[in-house]
Amino acid sequence: MSDFDLDELRDELADFAQPDKSGGRSPRDERIIAGFEEIQRFVEKHGHAPRHGEDGDIFERLYAVRLDRLRALDDCRTLLSPFDHQGLLTGPLVTSAAPADTMDEDELLAELEGAAGSSDITKLRHVRTSAEKREAEEIASREKCLDFDTFKPLFQQVQNDLAGGIRITRPFVKDAGFLKSDIQAGQFFILGGQTAYVAEVGEPIKAPNGETDARLRVIYSNGTESDLLLRSLQRALYKDEAGRRITEPSAGPLFDDQTGDDDRSSGTIYVLRSKSDHPLVIANRQILHKIGVTGGSVERRIANARLDPTYLMADVEIVATYELYNINRAKLETLIHKVFGAARLDVEIKDRFGQPIMPREWFLVPLFVVEEVVARIRDGSIIDYVYDPASASLVRSD
């Protein structure tokens, strides 16, 4: 069948498809959309459209052939254009080593077979069983997000936060205490390989089983959105082995009472009090504290304090410690010292060799204010405050 073309192949494949449901997409359309979404995910990951050539891996070359085919078919372009926020259908054509319009029957069927994920050509990709269709309907159909430009900067910021360690991802599993009430407007998740943003949570409604539910507006990083129930999103995240919750910038496990299996210990905030007999220390001992961050043992760090001018050449006692997880120690220490900058102790200490040293981590600040700073680091409000020595309290920064 050297003259076998795509239209004939499509007609033959259509014979295997189940009848369309009234008002829904055909199995063929679902398969085309899903295949196009795979190409979009490739572009998001690699930053360019799939290319032909021996230099690319087999999947990139298959995606390139598939994209050529989708561009060549008018009905496919019409179907996919609402989802094409990356301009893949209108971009410059890439010369193919084996263009779709010249591929013979065996080559074309082999590619379709791979896309379908089955050696049986009658098992079309995305022609689902009834159970699979019911499960998919819970997630609702995705449509093009017409105001995606409004949300795009949010997705970009999340990616930057993840890269910088400001946010982390954590598994969304039933035994981790995640309830449906944990899904709130403004939160980010990873579902089906896409970053999902909960833009809106509707008024509470009663589910058939009597539980409370709500309608959500969820925006996806590929430029689509869906109108689905909160409980449906929850179930989908549970079932997706790669489903994740993206933590808030200042939330996460920094000072949580419990930590997850994938949390990485980063160190400890320590608050120390000096036992020095220096007159300035004696006069202010109850409010003079050294505040720092260490990645090791606090006890080992202070073992030789009496020989170290940064510890005022005297022994110290540990007043409080706070364990850190998944955080940049240096940045956090800089933040704490900035908050207490106005109360920094101005004193000169000579080291063992008589050289003058000015310690930089001692502050004249009550312990209860240090604890308030820790609390505000936890809820993210610390960026709005600095310490005021005159009132011995935190005040809003200008």
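Predicted model, so just to flag it, every value in this text is computed and none were measured.

Analysis parameters
- Residues numbered from 1 in each chain as written.
- Predicted model: local features only at pLDDT ≥ 70, side-chain atom pairs only at ≥ 80, totals over all residues.
- Heavy atoms only, no water.
- Axes fitted to C-alpha atoms, helices over the stretch in contact; angles between N-to-C directions.
- Helix = DSSP H or I, 4+ residues; strand = E, 2+ residues; numbered from the N terminus.
- Parallel < 35°, antiparallel > 145°, perpendicular 65-115°, else oblique.
- Left-handed = near helix turned anticlockwise from the far one by under 90°.
- Contact = heavy atoms within 4.5 Å.
- Nonpolar A, V, L, I, M, F, W, Y, C, P; charged D, E, K, R; others polar.
- Buried < 20%, exposed > 50% of the residue type's maximum accessible area, 1.4 Å probe, protein only.
- Polar contact = N/O pair within 3.5 Å; in protein donor to acceptor, adjacent residues only side chain to side chain.
- Salt bridge = Lys/Arg side-chain N within 4 Å of Asp/Glu carboxyl O.
- pLDDT = per-residue confidence, 0-100.
- Lys, Arg positive; Asp, Glu negative; His and termini not counted.

A short note on the packing of helix α2 (residues 27–46) against helix α3 (residues 58–72)
And then number 1: Where α2 meets α3, the closest approach of the two axes is 10 Å, and the angle between their N-to-C directions is 125 degrees. By the angle between their directions, the pair α2 and α3 is classed as oblique. When you trace α2 past α3, the crossing you get is left-handed. Touching Ile32, Gly35, Phe36, Glu38, Ile39 and Phe42 of α2 are Glu60, Tyr63, Arg66, Leu67 and Leu70, all from α3.
And then number 2: Residues belonging to the contact of α2 with α3 are distributed by class as follows: 7 nonpolar, 1 polar and 3 charged.

Here we look at the environment of serine 274
And then number 1: Inspection of the secondary structure assignment puts serine 274 in strand β10 (residues 265–274).
And then number 2: Relative accessible area serves as the criterion here: at 1%, serine 274 is assigned to the buried category.
And then number 3: Every residue in contact with serine 274, bar those within four places of it in the chain, is listed here: Val281, Arg285, Tyr311, Leu312, Ala314, Asp315, Val316 and Trp362.
And then number 4: There is a polar contact of 3.0 Å between the side chain of serine 274 and the backbone nitrogen of serine 276.

Some words on the pattern of salt bridges
And then number 1: Across all of its chains, the model carries 11 salt bridges by this definition.
And then number 2: For arginine 28, the salt bridge identified is with aspartate 29, shortest N-O distance 3.6 Å.
And then number 3: Salt bridges sharing common partners tie together Asp147, Glu200, Arg217 and Glu225.

So, the confidence of the model for the chain
And then number 1: Summing up the model confidence of the chain, the mean pLDDT is 76 and the portion of residues at 70 or higher is 72%.
And then number 2: Of all the helices and strands in the chain, helix α5 (residues 105–116) carries the lowest mean pLDDT, 43, while strand β15 (residues 362–364) carries the highest, 95.
And then number 3: Residue range residues 18–23 is modelled with pLDDT below 50. Its contacts to residues more than four positions away, or to other chains, number 7 contacts.
And then number 4: Confidence over residues 94–135 falls short of pLDDT 50; this stretch has 49 contacts with residues more than four positions distant or in other chains.

Concerning the side chain of aspartate 84
And then number 1: Along the chain, aspartate 84 falls in the loop between α4 (74–80) and α5.
And then number 2: Of the side chains bearing the opposite charge, arginine 71 lies closest to the buried aspartate 84, which forms no salt bridge; the N-O distance is 7.5 Å.
And then number 3: In this structure the side chain of aspartate 84 is engaged in a polar contact, spanning 2.9 Å, whose partner is the backbone nitrogen of leucine 89.
And then number 4: Each residue touching aspartate 84, except ones within four places of it in the same chain, is listed here: Phe36, Gln40, Leu89 and Thr90.

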